[in-house]
Amino acid sequence: MLIRRGGPDIPSSEITREEDYLNRREFIGRVGAGALAAAVGGVSIASDNASAQTAPGGRQSSDPLTPLESVTRYNNFYEFGFDKEDPYRNSGGFVPRPWTVVVEGHVNKPAAYDLEDLIRPFTVEERIYRLRCVEAWSMVIPWRGFPLRDLINRVEPTSRARFVAFETIFRPAEMSGQRSRVMDWPYVEGLRMDEAMHPLTLIATGLYNQNLPNQNGAPLRLVVPWKYGFKSIKSIVKISFVESQPPTTWNRMAPEEYGFYANVNPEVDHPRWSQARERRIGELLRRPTLMYNGYGDQVASLYRGMNLVRNY
Ligand code: MTE
């Protein structure tokens, strides 16, 4: 939510202080500035000499991989700061193990799961996915992980579960960005159940054949390759099965700019910049953005009959 208005039904603890509000405006503006820099080609931190590599299975992109150095040094993880290199610089003290994931809501097997116990039964595979950030840059990343639906099937949602809500850890002692109230922490995201159950939707535990670096969302994160990158929530500690569409961080911050669906769509511009083209990190010329980030043959049916301008 960008501005909270006081009213009889809103507790005073929920009303944003003016300085927080001003910080948030500046913060949202900076995200826009980042997009502009990327759009005019002002960001250059990677060489484009990474060659395409074959994956053992589940290959989903034939584009050349983005070099590891860029994948780990050019990040959005506001819990560690706002500049692209901040997560790399500031996440060294974050401790991602041991780790507990709370599963709650409309499921037969709610519990606080130790991460290793939770994921042990699943087959971890490599998936090369394009990640398209809402700021109009993109990368091609060899993730390591397993389909979210494996985890969902294990915890047995009931028929009342229509959405899945995710929450990032809140640990301000290790996440310097969380000491500022510029965003509402913890970061939260959500998917409709059919999106969560889609075979492309991945829980990533690694990339480039190593455990996830802290700045990329250790020890586990979501990767939803046909949606803007902000849906791919990092460092997840809670997964809730709910009946109604859950709130999401960016939608709360600026609802007119970031919708719940956030499907990559070159025909629906962000209010402050075009989404028609993108800059692949490491390339000089911008390339056209593909509908659903190029995964339309697999996911378009999820949205048949929906107005994609209204459901942005
Ligand atoms: N998850 C959390 N908890 N906090 C964040 O700030 N940023 C999102 C997403 N997940 C973010 C997050 C955004 S805007 C993007 S583009 C991707 O993470 C970036 O993932 P990457 O840094 O691994 O490329």
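Since the model is a prediction, treat every value here as computed from it, not as a measurement.

## Side note on the overall build of the chain
Now for step 1: When you go through the chain residue by residue, the secondary structure sums to eight helices and 12 strands.
Now for step 2: Looking at the chain as a whole, 54% of its 312 residues qualify as buried.
Now for step 3: Restricting the contact set of the chain to residue pairs at least 6 apart, pairs at least 24 apart contribute 71%.

## Points about the pattern of salt bridges
Now for step 1: Considering all chains together, one arrives at 21 salt bridges under this definition.
Now for step 2: The salt bridge partner of D86 is R89, with a shortest N-O separation of 3.1 Å. Taken together, the residues D86 and R89, both in helix 3 (residues 86-90) and three residues apart, mark about one turn of the helix.
Now for step 3: Its salt-bridge partner being E283, residue R287 comes within 2.8 Å of it at the nearest N-O pair.

## Regarding the packing of aromatic side chains
What characterises a pair of aromatic rings is the spacing of the ring centres plus the angle enclosed by the ring planes.
Now for step 1: One pass over the structure, following the stated rule, counts 14 aromatic pairs.
Now for step 2: Plain terms: the ring middles of F94 and W99 are 5.9 Å apart, the flat faces sit at 70° to each other, and that makes the pair edge-to-face.
Now for step 3: Residue F94 is classed as buried on the basis of its relative accessible area, which comes to 3%.
Now for step 4: Given a relative accessible area of 2%, W99 falls into the buried group.
Now for step 5: Geometrically, the ring pair formed by W250 and Y258 is edge-to-face, given 5.1 Å between the ring centres and 65° between the ring planes. One exposure class covers both W250 and Y258, and it is buried.

## Details of the sheet that holds strand 10 (residues 236-242)
Now for step 1: With mixed pairing, the five strands of this open sheet are ordered in space as 2-1-10-5-6. Each edge of the open sheet carries a strand with a single partner, namely strand 2 (111-114) and strand 6 (188-192). Between one strand and the next, the sheet's axes are offset by a mean angle of 20°, whatever the strand orientation.
Now for step 2: Examined bridge by bridge, strand 1 (residues 100-105) and strand 2 share four bridges and lie antiparallel to one another. In the sheet register, V103 faces strand 2, and the bridge partner there is A111.

## Structural notes on empty space enclosed by the protein
Now for step 1: According to the stated counting rule, one finds two cavities of 30 Å³ or more in the structure shown.
Now for step 2: Put simply, the largest cavity is a space of about 370 Å³.
Now for step 3: The wall of the largest cavity is formed by 27 residues, among which N76, R221, G229, F230 and K234 lie closest to the centre.
Now for step 4: For the lining of the largest cavity, the element with the most residues is strand 4 (residues 137-147), which contributes four residues.
Now for step 5: When its residues are assigned to classes, the lining of the largest cavity shows 17 nonpolar, six polar and four charged.
Now for step 6: Estimated volume of the second largest cavity: approximately 30 Å³.
Now for step 7: Surrounding the second largest cavity, R130, L131, R132, V223, V224, P225, K227, Y228, G229 and S232 form its lining.
Now for step 8: With three residues, the single largest contributor to the lining of the second largest cavity is strand 3 (residues 125-132).

## Quick word on the nonpolar core
Considering soluble globular proteins, one finds that nonpolar side chains tend to be buried as a cluster.
Now for step 1: Residues W143, F166, L222, W226 and F241 are the most contacted members of the largest nonpolar core, which totals 79 residues.
Now for step 2: Considering every element that reaches this core, the biggest residue donor is strand 4, with six residues.
Now for step 3: Apart from the residues within four sequence positions on either side, W226 is in contact with E195, H198, L200, T201, N263, V264, Y292, N293, Y295, V299, L302 and Y303.

## Some words on the environment of K109
Now for step 1: Here K109 lies in the loop between strand 1 and strand 2.
Now for step 2: As a C-alpha pair, K109 and R154 span 45 residues in sequence and 8.0 Å in three-dimensional space.
Now for step 3: K109 has contacts with V103, R154, V155 and E156, leaving out every residue within four places of it along the chain.
Now for step 4: One polar contact links K109 to E156, side chain to side chain, over a distance of 3.3 Å.

## Some points on the site of the ligand
Now for step 1: Near the ligand there are 15 residues, and of these N75, Y78, E79, R221 and K234 occur at the shortest range.
Now for step 2: Between the ligand and Y78, the relevant distance is 2.8 Å, taken from an oxygen atom to a main-chain nitrogen or oxygen of the residue.
Now for step 3: The contact in question runs from an oxygen atom of the ligand to an N or O atom on the side chain of R221, over 2.6 Å.
Now for step 4: Compared with its free state, where it exposes 540 Å², the ligand has 99% of that area covered by protein.

## A few points about the confidence of the model for the chain
Now for step 1: In the predicted model, the chain carries a mean pLDDT of 87, and 81% of its residues have values of at least 70.
Now for step 2: Taken together, the stretch residues 1-18 has pLDDT below 50 and engages in 23 contacts with residues farther than four places along the chain or on a different chain.
Now for step 3: Across residues 32-57, confidence stays below pLDDT 50; counting only partners more than four residues off in sequence or on other chains, it has 43 contacts.

## A look at the side chain of R192
Now for step 1: Residue placement: R192 occurs in strand 6.
Now for step 2: Among the residues examined, R192 registers a relative accessible area of 14% and is labelled buried.
Now for step 3: In terms of polar contacts, R192 uses its side chain to reach the side chain of Y261, at 3.3 Å.
Now for step 4: A distance of 2.8 Å separates a polar atom in the side chain of R192 from the backbone oxygen of L302.

Conventions used here
Numbering of residues starts from 1 in each chain and follows the order in which that chain's sequence is written. At least 70 in pLDDT is required for a residue's local features to be given in this predicted model, at least 80 for side-chain atom pairs to be given and counted, and no such filter applies to totals for whole chains, interfaces and linings, which use all residues. For side-chain calculations, the full set of non-hydrogen atoms in the structure is used, while hydrogens and water are omitted. Secondary structure is summarised from DSSP: a helix means a run of H or I of at least four residues, a strand means a run of E of at least two, and numbering begins at the N terminus for each. Categorising residues by exposure relies on relative accessible area from a 1.4 Å probe, with only protein chains included: less than 20% of the type maximum marks a residue as buried, more than 50% marks it as exposed, and the intermediate range marks it as partly exposed. Here, two residues are considered to be in contact whenever any of their heavy atoms come within 4.5 Å of each other. Whenever a carboxyl oxygen of Asp or Glu lies within 4 Å of a side-chain nitrogen of Lys or Arg, that contact is scored as a salt bridge. Any Phe, Tyr or Trp ring, taking Trp's six-membered ring, that has another such ring centre within 6.5 Å forms a pair; planes under 30 degrees apart are called stacked, those over 60 apart edge-to-face, and the others tilted. Each pair of strands is called paired provided DSSP finds at least two bridges between the two strands. With axes taken as lines fitted to C-alpha atoms, and helix axes fitted only over the stretch in contact, angles between N-to-C directions fall between 0 and 180 degrees. The pocket and cavity definitions rest on a 1 Å grid over protein atoms only: a 1.4 Å probe that fits but cannot leave marks a cavity, an open set with protein on both sides within 12 Å along at least five of seven lines marks a pocket, and residues lining either have an atom within 4 Å of a point. Grid points are joined across faces, edges and corners, and a volume is the space filled by probe spheres set on the points. The residue classification treats Ala, Val, Leu, Ile, Met, Phe, Trp, Tyr, Cys and Pro as nonpolar and Asp, Glu, Lys and Arg as charged. All others, Gly included, are polar. Among buried residues, those of type Ala, Val, Leu, Ile, Met, Phe, Trp, Tyr and Cys that are joined through side-chain atoms within 4.5 Å constitute a nonpolar core. Within 3.5 Å is the distance limit for a polar contact, defined as a pair of N or O atoms, with the added protein rule that one can donate a hydrogen and the other accept it, and that residues adjacent in sequence qualify only through two side-chain atoms. Proximity criterion: a residue is near a molecule or strand once any of its heavy atoms comes within 4 Å of it. The Shrake-Rupley method, run with a 1.4 Å probe sphere, supplies the accessible areas, and residue values consider only the shown protein chains as cover. Confidence of the predictor at the level of single residues is given by pLDDT, which spans 0 to 100.

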